[in-house]
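Now for the letters of each chain:
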Amino acid sequence: MAEHHHIDHDDALAAAFDGQAARFERAPVQTDPEALARLVRFADLAPDSLLLDAGCGPGLVSRAFLDSGHRIVGVDLSREMIERARLRCSETDRVTFLQGSIFDSTLVGPFDACISRYVLHHVIDPPTFLLRQVELLRPGGIVVLNDHTSSPDPHQAAWHNAIETLRDRTHTANLSPGVIVDLFAASGLDLIRVVEEVFTLDFDEWFDRGTPTAPKPQVRSLIDAGPRSRGFVGRTLSGGRLQIECRRVIVRGVKP
Ligand SMILES: C[S@@+](CC[C@H](N)C(=O)[O-])C[C@H]1O[C@@H](n2cnc3c(N)ncnc32)[C@H](O)[C@@H]1O
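Residues numbered from 1 in each chain as written. Predicted model: local features only at pLDDT ≥ 70, side-chain atom pairs only at ≥ 80, totals over all residues. Heavy atoms only, no water.

### What about unusual backbone geometry?
Comment: phi is negative for the bulk of residues other than glycine, and the bulk of peptide bonds are trans. We count it as follows: Secondary structure counts use DSSP, requiring at least four H or I residues in a row for a helix and at least two E residues in a row for a strand, with both numbered from the N terminus.
Pro 110 follows Gly 109 through a cis peptide bond whose omega is 0°. Within the secondary structure layout, Pro 110 lies in the loop between β3 (95–99) and β4 (111–117). Each neighbour pair has its own omega, and for Gly 226 with Pro 227 the value is 25°, a cis peptide bond. Its location among the elements puts Pro 227 in the loop between α10 (216–225) and β7 (232–236).

Below, the structure written as structure tokens:
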């Protein structure tokens, strides 16, 4: 799978997430314990599963699955993220964190399950990202993907993704729920389950931990101007703060 390494993009991701690791691991949307508990429940893994946390970041997802009795291998491009993940789970040898790419040939399965949260919208080639996880699973293994989605309407999605890219230079695309489900089916995954959730971002908190390519007031006025998108709806609160109502999915599939 070495041909699917996108070295420049991987370098940009590592630099971006090295820089935002400290704020990322405190961000309300990432740390929300109830959302993590729902993710663990929806994953519905057999006890003591060996799980790959693909793009594990600071280990928040790994921690939740570890606490549910699973064993974890976490992999992430960012050295800073991996250091934080190791600190978060330092008391146990049931987890290993590796700095590198999910496409590294040194990463070998078989795993009982692969999970990724908030990684798909950073990858250049979503089908290959899914296929790589399927490759690393044993037959009967489970893929769980959790990500922020966009609209099935191409105009809304283009507007939404343009804003995301101005706020984060490593953003590739938020996909619609249906496109993500189709990615699962096209990867040969079976018995697909999907659930959608609403969550909110505080514009300032979200923007301030990004890696923007445009000034904050410009991005804010684009959101205010609309047209809005399913999965990204701005609302100005009475104190003047901008809140964004977003949608995410958790998708689960089984390798035949
Ligand atoms: C938004 S963060 C999510 C972190 C974590 N999954 C969570 O939800 O808390 C995305 C992470 O994916 C990592 N990443 C992106 N592409 C990757 C790849 N091909 N291999 C390994 N890590 C990757 C980035 O370095 C970054 O830390």
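Having seen the model, we can carry on.
### Some thoughts on the packing of helix α7 (residues 154–167) against α10
Selection criterion: Only the contacting stretch of a helix is used when fitting its axis, a line to C-alpha atoms as for every element, and angles between N-to-C directions run 0 to 180 degrees. For classification, angles of less than 35 degrees are called roughly parallel, those exceeding 145 degrees roughly antiparallel, those between 65 and 115 degrees roughly perpendicular, and all remaining angles oblique. Here is the rule for handedness: rotate from the far helix to the near one, and if that takes an anticlockwise turn smaller than a right angle the crossing is left-handed, while a clockwise turn gives right-handed. The contact criterion used throughout is that any non-hydrogen atoms of two residues lie within 4.5 Å. Classes in brief: Ala, Val, Leu, Ile, Met, Phe, Trp, Tyr, Cys and Pro nonpolar; Asp, Glu, Lys and Arg charged; the others, Gly included, polar.
Two numbers describe how α7 lies on α10: the axes approach to 10 Å, and their chain directions differ by 165°. Between α7 and α10, the interaxial angle falls into the category roughly antiparallel. Relative to α10, α7 is oriented so that their crossing is left-handed. Judged by residue contacts, Trp 159, Ile 163 and Leu 166 of α7 engage Val 219, Leu 222 and Ile 223 from α10. Per-class residue counts for the contact of α7 with α10 are six nonpolar, no polar and no charged.

### A short note on the site of the ligand
Selection rule: Definition of nearness: a residue and a molecule or strand are near each other if at least one heavy atom of the residue lies within 4 Å of the molecule or strand. Distance and chemistry together define a polar contact, namely a pair of N or O atoms within 3.5 Å, with one atom able to donate a hydrogen and the other to accept it when in protein, and with adjacent residues in sequence counting only for side-chain atoms on both sides.
Every one of the 16 residues lining the ligand counts as a neighbour, but Gly 55, Asp 76, Ile 102, Arg 117 and Tyr 118 are closest to it. Contacts to the ligand include Asp 76, whose side-chain N or O atom sits 2.7 Å from an oxygen atom. Measuring from a nitrogen atom of the ligand, one finds a backbone N or O atom of Leu 77 at 3.4 Å. Of the residues forming the shell around the ligand, the biggest block, three residues, is contributed by helix α1 (residues 7–24). Considering only residue class, the shell around the ligand consists of nine nonpolar, five polar and two charged.

### Some details on the packing of aromatic side chains
To be explicit about the condition: Between rings of Phe, Tyr and Trp, where Trp is taken as its six-membered ring, a pair exists when centres lie within 6.5 Å; planes separated by under 30 degrees are stacked, by over 60 edge-to-face, and by other angles tilted. Partly exposed residues are those whose accessible area sits between 20% and 50% of the maximum for their type, while under 20% is buried and over 50% is exposed, using a 1.4 Å probe and protein chains only.
Tallied over the entire structure, the rule returns five aromatic pairs. When the centroid spacing of 6.2 Å and the interplanar angle of 85° are considered together, the rings of Phe 17 and Phe 24 count as edge-to-face. When the ring of Phe 203 is compared with that of Trp 206, the centres are 6.1 Å apart and the planes differ by 55°; the resulting orientation is tilted. Here Phe 203 pairs with Trp 206, and both are found in helix α9 (residues 203–208), just three residues apart, close to one helical turn. Pair check on accessibility: Phe 203 and Trp 206 agree, each one buried. Put simply, the rings of Trp 159, Phe 203, Trp 206, Phe 207 and Phe 232 touch in pairs and so form one group of aromatic residues.

### Focus on the nonpolar core
Selection criterion: The criterion is simple. A nonpolar core is a set of buried Ala, Val, Leu, Ile, Met, Phe, Trp, Tyr and Cys residues joined through side-chain atoms within 4.5 Å.
Among the nonpolar cores identified, the biggest contains 26 residues, and Leu 52, Ile 102, Leu 120, Phe 129, Leu 130, Ile 180 and Phe 184 are the most heavily contacted of them. Put simply, the parts of the chain that give this core at least two residues each are β1 (50–54), β2 (71–76), β4, α6 (126–136), β5 (137–148), α8 (177–186) and β8 (242–254). For this core, the element with the most residues is α6, which contributes four residues. With residues near it in sequence (within four places) discarded, Leu 130 still touches Leu 120, Val 143, Leu 145, Leu 183, Phe 184, Ser 187 and Leu 189.

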